[in-house]
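# Structural overview for review
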Amino acid sequence: MNGGVVAKRRKVGNLLALAVLSALVQRPMHPYEMATTLRAWGKEQDMEIKWGSFYTVIRNLDKHQLIEAVESLREGRRPERTVYRITDAGRAELVDWARELVSTPMPEHPRFRAGLSVLAALHPDEATDLLRQRLDRLDRALRRDRETLAAHLREIPRLFLVETEYDLAMRDAEAAWLRALLVELTSGSYPGLDTWRAFHETGEMPAELTGLAEKTSTPTTGAQSTGQHPDTTD
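Residues numbered from 1 in each chain as written. Predicted model: local features only at pLDDT ≥ 70, side-chain atom pairs only at ≥ 80, totals over all residues. Heavy atoms only, no water.

Scanning all chains against the criterion turns up 15 salt bridges. Here Arg-197 makes a salt bridge to Asp-125, at a shortest N to O gap of 2.9 Å. Of this pair, Arg-197 sits in helix H8 (residues 193–202) while Asp-125 sits in helix H6 (residues 124–153), and the two are 72 residues apart along the sequence. You can call Asp-125 partly exposed: its relative accessible area is 45%. Within this structure, Lys-8, Arg-10, Glu-93, Asp-96 and Glu-100 form a network of salt bridges that share partners. (Salt bridge = Lys/Arg side-chain N within 4 Å of Asp/Glu carboxyl O. Helix = DSSP H or I, 4+ residues; strand = E, 2+ residues; numbered from the N terminus. Buried < 20%, exposed > 50% of the residue type's maximum accessible area, 1.4 Å probe, protein only.)

Here it is, written out as structure tokens:
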């Protein structure tokens, strides 16, 4: 749930468009230069980029006058390349989009959250082992990425690495949460652990879980009248 916050509808809503605008604000470029620049910046780590839609995004940005062609170049036998620059409308869109992304929390759906939502499908012993594996991999990646960040900070202003700091902080928080969860699972103090274990070892759904499933799958009267799920908010 996002508390009723809805992302602004944009003329070109693909986040790849935001990346292109961020590149063109530096200087005019042709599409090959844009793609090379974005790859060099590691933009695939910052947002989901589908390179197959790259030229469609360029055309749509041009169509909506967020960028404009300034010249066409030909080098030897290479195909002609159109150089684009960002327009005033494109600069305004870049700034407005950045403001929205920085200021407004929106629901996101990490793969790990999806896995946790079906954790009960695993035997608790297996779940514990898999979570421990995840924590080990996470710790190794964190050590490596901290070293990489420290090296980059010697050459690159912190402002241009702030997203990497954020990523490390989020993964640090995940690692801390995993450690606390593993303590509960391995000590046996996790609430409902015996019921979870009994379900997998007997193959029978415990009565308390059956009752919970029936309760949560039955819409409330208000929800029936409005056609909304009981957890849905405006």
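Next, the rest of the story.
Our focus in this paragraph is helix H2 (residues 31–40). Buried within H2 are the following residues: Pro-31, Met-34, Ala-35, Thr-37 and Leu-38. Down the axis, H2 shows its buried residues gathered within 165 degrees of arc, on one side only. In H2, the exposed positions angled more than 90 degrees off the buried face are occupied by Tyr-32 and Ala-40. In this structure, the buried residues of H2 make contact with helix H1 (15–24), helix H3 (54–63) and strand S2 (81–86). With its phi angle positive at about 70 degrees, Gly-42 sits one or two positions after the end of H2. (Arc of directions from axis to C-beta. Contact = heavy atoms within 4.5 Å.)

Bringing the confidence of the model for the protein into the picture now. The predicted model of the protein has a mean per-residue pLDDT of 87, with 85% of residues at 70 or higher. Looking across the protein, the model is least confident in helix H10 (residues 221–226), with a mean pLDDT of 46, and most confident in helix H7 (residues 162–187), with 97. The model gives residues 222–234 a pLDDT under 50, and that stretch makes 10 contacts with residues more than four places away or in other chains. (pLDDT = per-residue confidence, 0-100.)

The biggest cluster of nonpolar side chains holds 25 residues, and the ones touching the most others in it are Val-20, Leu-24, Met-34, Phe-54 and Leu-61. Elements represented by at least two residues in this core include exactly H1, H2, H3, S2 and helix H4 (88–103). Leave out the neighbours within four places in its chain, and Leu-24 touches Met-29, Met-34, Ile-67, Tyr-84, Arg-85 and Ile-86. Core analysis: the second largest hydrophobic core is formed by 17 residues, Leu-131, Leu-135, Leu-161 and Leu-168 among them. (Core = buried A, V, L, I, M, F, W, Y, C linked by side-chain atoms within 4.5 Å.)

Right, let's get into the environment of Glu-165. Positionally, Glu-165 belongs in helix H7. For Glu-165, a relative accessible area of 23% puts it in the partly exposed group. Here the alpha-carbon distance between Glu-165 and Leu-149, two residues 16 residues apart in the chain, equals 8.0 Å. Every residue in contact with Glu-165, bar those within four places of it in the chain, is listed here: Leu-149 and Arg-158. At a separation of 2.6 Å, a polar atom in the side chain of Glu-165 contacts the side chain of Arg-158. (Polar contact = N/O pair within 3.5 Å; in protein donor to acceptor, adjacent residues only side chain to side chain.)

Attention now moves to H4. Residues spaced three or four apart along an α-helix point in a common direction, a consequence of the helix completing one turn every 3.6 residues. Here H4 is 16 residues long and its end C-alpha atoms lie 23 Å apart, about the 22 Å a rise of 1.5 Å per residue gives. Of the surrounding elements, those touching the buried residues of H4 are H1 and S2. (Expected span 1.5 Å × (residues − 1).)

Another point: the side chain of Glu-100. Mapping Glu-100 onto the fold places it in helix H4. Setting aside anything within four residues of it in sequence, one finds Glu-100 in contact with Ala-7, Lys-8 and Arg-10.

Our next topic: unusual backbone geometry. Even without a glycine there, the phi angle at Gln-65 is positive, about 60 degrees. Tracing the sequence through the fold places Gln-65 in the loop between H3 and strand S1 (67–73). Judged by its relative accessible area of 60%, Gln-65 is exposed.

On the surface, a nonpolar cluster with roughly 290 Å² of combined accessible area is contributed by Leu-15, Leu-101 and Val-102. The exposure class assigned to Val-102 is exposed, which follows from its relative accessible area of 76%. (Patch = residues over 30% accessible without salt bridge, like charges linked within 9 Å, V, L, I, M, F, W, Y side chains within 5 Å. Areas by Shrake-Rupley, 256 points an atom, 1.4 Å probe, with all protein chains shown as cover.)

By the element assignment, Thr-82 lies in strand S2. On the basis of relative accessible area, Thr-82 is assigned to the partly exposed category, the value being 24%. Ignoring sequence-local partners within four residues, the contact set of Thr-82 consists of Met-29, His-30, Pro-31, Ala-69, Glu-71 and Ser-72.

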